[in-house]
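Structural description and commentary
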Amino acid sequence: MEVKKIAVNETAQRVNEKTEQYLNTLVRAYDQVLGTLHLGGRKADYDDTNYEFVGGANDELRKKHYDKSLRLLWKAEQHASWSSFHDLSRDEEMLMKMADDALNESEKREVERIKTAEFKALLDREYTPAQKQAIVNILSLIGHGEAYAWLVSNEVLRDVKSTGAKAALTMQVLEEAKHFVVLRELIMAFGMEIPRLPVYEYVMLEGTLKAKGLEKFFGMNVLVEGIALSIFGALSKYPGLEVLQMFHLDESRHCALPTNYLKTQPLTWWEKNNPASMVKRFMMVLPAIPLAMKMEKDFAELGIDVFEFGGSLVRKVINLAYRVGFHLPLPQENMKAFVNYMFNAYCSATREGHNFREFLDAESTLGEAELAVEREVFGIAS
Ligand SMILES: [Fe+2]
Ligand SMILES: [Fe+2]
């Protein structure tokens, strides 16, 4: 490239250079001392000398989560065409239109059927008011949970090390934002009263948001997202709730994130086994038991035994927690037996002729595709 170079004062440049080097040494050393004394120091866990976040590149995690999230990125305008979202790009809109033109008349009617007002009419046709209220009660558990997932993943983004891990968490923040706003519209389309957070879930979510560092992974990516994954897996085959399959795919990736991250940055023996952390985790899990009891009526309205659902969920969550290294105060099998005992004790007291059952052997997720996704996340033992 032809440019006319401008002459500069070489002495001034040398002085500038030296001044910057001197100040740099001073500022960085000052921050380092403060950092070592835990009095502050540099806030960003960013390593500008190596042009990388502290922890390195971790391309493997980037490929498994960031790249995959972008490949599987779904748009509400396409999967919930009845909603108010307008998030398709011009190319995607064109593709949709071409696909639309290729439909025959009855197929077109089918597509139209699920748009806007028609969607609400479909819900009214398919469900009784009691069933609609039950779906809203169950889905709003996750709706409120998505708000916390958004906030928690944003904080974990700061706590994880490596460029790949930060890229992965950035996608989770984006996906949780989408989950919150899209699920909100889906729930509102039912036109029923939307309940507040039950206190048991409130305690669980607040505990997660307040948890220190990577313990947030346990509360959110293992426990809360495990619950979300199970609810999406149980309901995505219900009429009008097909979009939940997309949520199910995203949540499965979020559940797999601690496994993939901790493979590269393993927890120490103390982090896994220190009694205070184990008790804190147990206190986070415990409210799930009264929550299941509270939700029994709503699940029953939809033909689902809440303890079969809960058993299926607890098995998956406990398997995942121990595999990643988030140990609880009891050995894995005793932990499962304890939950099963609590479920059976409640059923003996409230259900006529109840016989002791292995609730943790149940499987509540419907659909081969969904089960295959979960097998990948929870391992063969699920
Ligand atoms: Fe989510
Ligand atoms: Fe999630």
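Just above, that's the structure.
What this report covers is the structure whose coordinates are included nearby. Computed from a prediction, not measured in an experiment: that's the story for all the values here.

Before going further, it helps to examine the overall build of the chain. For the chain, the helix and strand inventory stands at 17 helices and two strands. Once the C-alpha set of the chain is aligned to its principal axes, its extents read approximately 90 × 60 × 35 Å. Within the chain, the fraction of its 382 residues that count as buried is 35%. For the chain, long-range pairs separated by at least 24 residues make up 73% of all intrachain contacts whose partners lie at least 6 apart in sequence.

Take helix α1 (residues 10-36) next. Compared with the 39 Å implied by 1.5 Å per residue over 27 residues, the 39 Å span of α1 between its first and last C-alpha is a close match. Sparse coverage of α1 is indicated by the burial of zero of its 27 residues. Residue H38 follows α1 closely and has a positive phi angle near 55°.

Residues V222 and A321 are the most contacted members of the largest nonpolar core, which totals 78 residues. Looking at which element gives the most residues to this core, the answer is helix α10 (residues 215-235), with 13 residues. In this structure, A321 is in contact with F218, V222, F326 and L328, ignoring residues within four places of it in sequence.

What follows covers the packing of helix α2 (residues 59-71) against helix α8 (residues 163-189). Put simply, α2 and α8 touch, their axes get as near as 7 Å, and they point 20° apart. By the angle between their directions, the pair α2 and α8 is classed as roughly parallel. Read as a crossing pair, α2 and α8 show a hand that is left-handed. Residues D59, E60, L61, R62, H65, Y66 and S69 of α2 touch α8, and the partners they reach there are T163, G164, A165, A167, A168, M171 and E175. Each residue belonging to the contact of α2 with α8 can be placed in one class, and the counts come to six nonpolar, four polar and four charged.

Within the secondary structure layout, M335 lies in helix α16 (residues 332-350). A sequence separation of 53 residues divides M335 from F282, and the C-alpha atoms of the two residues are 9.7 Å apart. Apart from residues no more than four positions distant in its own chain, M335 is found in contact with I318, L328 and L330.

The rules behind the values
- Residues numbered from 1 in each chain as written.
- Chains lettered and ligands numbered in written order.
- Predicted model: local features only at pLDDT ≥ 70, side-chain atom pairs only at ≥ 80, totals over all residues.
- Helix = DSSP H or I, 4+ residues; strand = E, 2+ residues; numbered from the N terminus.
- Buried ≥ 20, exposed ≤ 12 C-beta atoms within 10 Å, placed from the backbone.
- Contact = placed C-beta atoms within 7 Å.
- Expected span 1.5 Å × (residues − 1).
- Core = buried A, V, L, I, M, F, W, Y, C linked by C-beta atoms within 7 Å.
- Axes fitted to C-alpha atoms, helices over the stretch in contact; angles between N-to-C directions.
- Parallel < 35°, antiparallel > 145°, perpendicular 65-115°, else oblique.
- Left-handed = near helix turned anticlockwise from the far one by under 90°.
- Nonpolar A, V, L, I, M, F, W, Y, C, P; charged D, E, K, R; others polar.

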